[in-house]
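# Structure at a glance
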Amino acid sequence: MNIYAIRAIYAFEMARTARTLMQSIIAPVISTSLYFVVFGAAIGSRIPQVEGTSYGAFIVPGLIMLSILTQSMSNASFGIYFPKFTGTIYELLSAPVSSFEVVTSYVGAAATKSVVLGLIILATAALIVPLRIEHPFWMVLFLVLTSVTFSLFGFIIGIWADGFEKLQVIPLLIITPLTFLGGSFYSISMLPPFWQTVALFNPVVYLVSGFRWSFFGLADVSVGISLAMTGVFLVISLAIVAWIFRTGYRLKT
Amino acid sequence: MPSIISVTNLSKTYASGFQALKNINLDIREGEIFALLGPNGAGKTTLIGIVCGIVNASTGNIKVDGHDIVTDYRASRSLIGLVPQELTTDAFETVWATASFSRGLFGKRADPAHIEKLLKDLSLWDKRDNMIRTLSGGMKRRVMIAKALSHEPRILFLDEPTAGVDVELRRDMWRLVRSLRESGVTIILTTHYIDEAEEMADRIGVISKGELILVEDKAELMRKLGRKQLTLQLQEKLESIPSALSAYKLELSDNGNELIHTYDAREDRIGIAALLKDLDEAGIRFKDLHTTQSSLEDIFVTLVRDGK
Ligand SMILES: Nc1ncnc2c1ncn2[C@@H]1O[C@H](COP(=O)(O)OP(=O)(O)O)[C@@H](O)[C@H]1O
Ligand SMILES: [Mg+2]
């Protein structure tokens, strides 16, 4: 195991975050705060409690998930796409590092940022709305698993992308709609029956539901299913990454 | 001398269907400076890319110090430092950070003293805290060399290291290459400045259209293929070459002052002795003589032309 390489790449990626603190941390915190103001305070004040929780608090887990998903993807995809774009990837390809080490360091760094970001947003939210976390262990588990899974997704996108548009297109066209429709701002049970069934095909529903359960003990689907689905996404991402490295797909000619 | 890199039956066909390398067999000896010469598009960068793990081979195999580059890539790549042809560097990293990063990437424990020495040797010490994007092209090239040497490789690949660099850097570069060789590092370089190969290399490989058409000791190559010219400065002008000397390949200079004899370095010297004797008998006296040997460039041009 090339521990020095993992450490070097991880530190390199974290340094990149530090340099771009504005985009990486501050911007998501600001936009999340705006959601609170609009949905939580302005609109939420007209919405009665959702399943025993004030609307402002109810949307917190969904908002954190929203940020985690988009930031994990953009961080990880950019982290691996940029060296391809500039050509510095040559060094990674010629180094004595295994694909496992490459993935661990890039995805580890992106996931670390997401977890930190999630916690910062959580702290910000706690200043605005009264929050309770019933299952802190599960909360952290969902946070970490989701960060890792979507960082892996981002990593895959970064390798697949051969232009900046492709880097944006999946997060924008697929993930953002899925997240908005995934019960971040409402409970699935508020939907008409037909749409409730449709929603169950949306993977994000399971993530948000499980995460929300860890806060308030209420969930759209059972927490076991949420956890299982999160695990399934993780395994799918890992399988794709393994395939990419076995075939050299888009990395080597 | 034992070989440190051994390439066997290597071919490469790109996804486009283009065959960039055709059945290459090559052994690089430990400690030598090997120059790979060839026109643009010959396949030099492809060959280096495959040895370093950047490009996948289509067929064939390569061993570096006995380690297969595919199945035992960790061992083989640890031994290699690569300075690629293109200037590709991170923009926002400092010189110090990027060199230290490379060392870690290649699995070596941090060694600030080594990085410091390296940056000093490459005249980068003053710039160690500068962001790479603020450096000139020549300085960036030095940074790439520092990165390649950061993990103390036993083999160094330099892909067209002096293309488009200034004289000073070129001189520094060759000084560095020499001192690396003295410390036992094997160096493989590509260049199209043939004078450099001629000056630096121990052995030379010529590659053209994906085929390795020749590998030879430089001196041997010069001896075998070098044409020599013997120029005689005559005491008296000649109008024409006397028929008694028609057996020799002689030319008369335009002003009639010089007689030029062209011969293969391979031909034995007796030919020259005979020529001088025959000149004497023909009553042609000369006040001075000198010989010139064709450069690698001439050899190279001939080879690539004949290879077609
Ligand atoms: N990724 C690629 N896909 C298709 N053809 C390529 C690729 N890379 C290089 N080539 C072709 O392979 C040949 C050899 O290229 P290269 O190894 O870069 O030559 P050199 O370094 O000797 O100039 C060239 O004709 C080049 O166009
Ligand atoms: Mg080249």
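Fair warning: this is a prediction, and the values are worked out from it, not measured in the lab.

## Focus: the sheet that holds strand β10 (residues 211–217) of chain B
Residues and elements named next belong to chain B. Read across the open sheet, the six strands follow the order β6-β7-β8-β3-β9-β10; overall the sheet is mixed. Looking along the sheet, the strands with just one partner apiece sit at the ends: β6 (80–83) and β10. Shown here is a sheet whose adjacent strand axes are inclined to one another by a mean of 15 degrees, direction ignored. Examined bridge by bridge, strand β3 (residues 33–37) and strand β8 (residues 186–191) share five bridges and lie parallel to one another. Directly across from L37, in β8, lies its bridge partner T191. Against the sheet, helix α5 (residues 137–149) engages β6 and β7 (155–159), with an angle of about 170 degrees to β6. Against the sheet, helix α6 (residues 167–182) contacts β3, β7 and β8, and its axis sits at roughly 150 degrees relative to β8.

## What to know about the coordination of the magnesium ion (ligand 2)
Residues and elements named next belong to chain B. The magnesium ion (ligand 2) binds to the protein through T45 (OG1) and Q85 (OE1); the donor distances cover 1.9 to 2.2 Å. Of this pair, T45 sits in helix α1 (residues 44–52) while Q85 is found in the loop between β6 and α3 (95–105), placing the two residues 40 residues apart along the sequence. Residue class for T45 comes out partly exposed when judged on its relative accessible area of 38%.

## As for the nonpolar core
Core analysis: the largest hydrophobic core is formed by 96 residues, its most contacted members being B:I5 and B:F157. Of the residues forming this core, the biggest block, seven residues, is contributed by α5(B). Filtering out sequence-adjacent residues up to four positions away, B:I5 remains in contact with B:L26, B:D27, B:I28, B:V51, B:I62, B:K63, B:V64, B:I155, B:F157 and B:I188. By size, the runner-up hydrophobic cluster in this structure holds 44 residues, among which are A:A57, A:I121, A:F150 and A:L218.

## A word on the site of ligand 1
The immediate surroundings of ligand 1 are formed by 13 residues, with B:G41, B:G43, B:K44, B:T45 and B:T46 found nearest. Chains contributing residues to the immediate surroundings of ligand 1 are chains A and B. The separation between an oxygen atom of ligand 1 and a polar main-chain atom of B:G41 is 2.7 Å. In the model, an oxygen atom of ligand 1 is placed 3.2 Å from a nitrogen or oxygen of the B:A42 main chain. Relative to its unbound accessible surface of 560 Å², ligand 1 loses 67% to contact with the protein. Along the lines of polarity and charge, the residues of the shell around ligand 1 split into five nonpolar, seven polar and one charged.

## Observations regarding α6(B)
Because each turn of an α-helix spans 3.6 residues, side chains separated by three or four positions end up pointing in the same direction. Residue and element names in this part refer to chain B. In this model α6 runs 23 Å from its N-terminal to its C-terminal C-alpha over 16 residues, within 8% of the 22 Å that 1.5 Å per residue would give. Those residues of α6 that are buried lie in contact with β3, α5, β7, β8 and α7 (194–200). Downstream of α6 by one or two residues, G184 has phi in the positive range, about 100 degrees.

Each value, and the rule that gives it
Residues numbered from 1 in each chain as written. Chains lettered and ligands numbered in written order. Predicted model: local features only at pLDDT ≥ 70, side-chain atom pairs only at ≥ 80, totals over all residues. Heavy atoms only, no water. Pairing = 2+ DSSP bridges. Helix = DSSP H or I, 4+ residues; strand = E, 2+ residues; numbered from the N terminus. Axes fitted to C-alpha atoms, helices over the stretch in contact; angles between N-to-C directions. Contact = heavy atoms within 4.5 Å. Donors = N, O, S within 2.8 Å, 3.2 Å for Na, K, Ca; no water. Buried < 20%, exposed > 50% of the residue type's maximum accessible area, 1.4 Å probe, protein only. Core = buried A, V, L, I, M, F, W, Y, C linked by side-chain atoms within 4.5 Å. Near = heavy atom within 4 Å. Polar contact = N/O pair within 3.5 Å; in protein donor to acceptor, adjacent residues only side chain to side chain. Areas by Shrake-Rupley, 256 points an atom, 1.4 Å probe, with all protein chains shown as cover. Nonpolar A, V, L, I, M, F, W, Y, C, P; charged D, E, K, R; others polar. Expected span 1.5 Å × (residues − 1).

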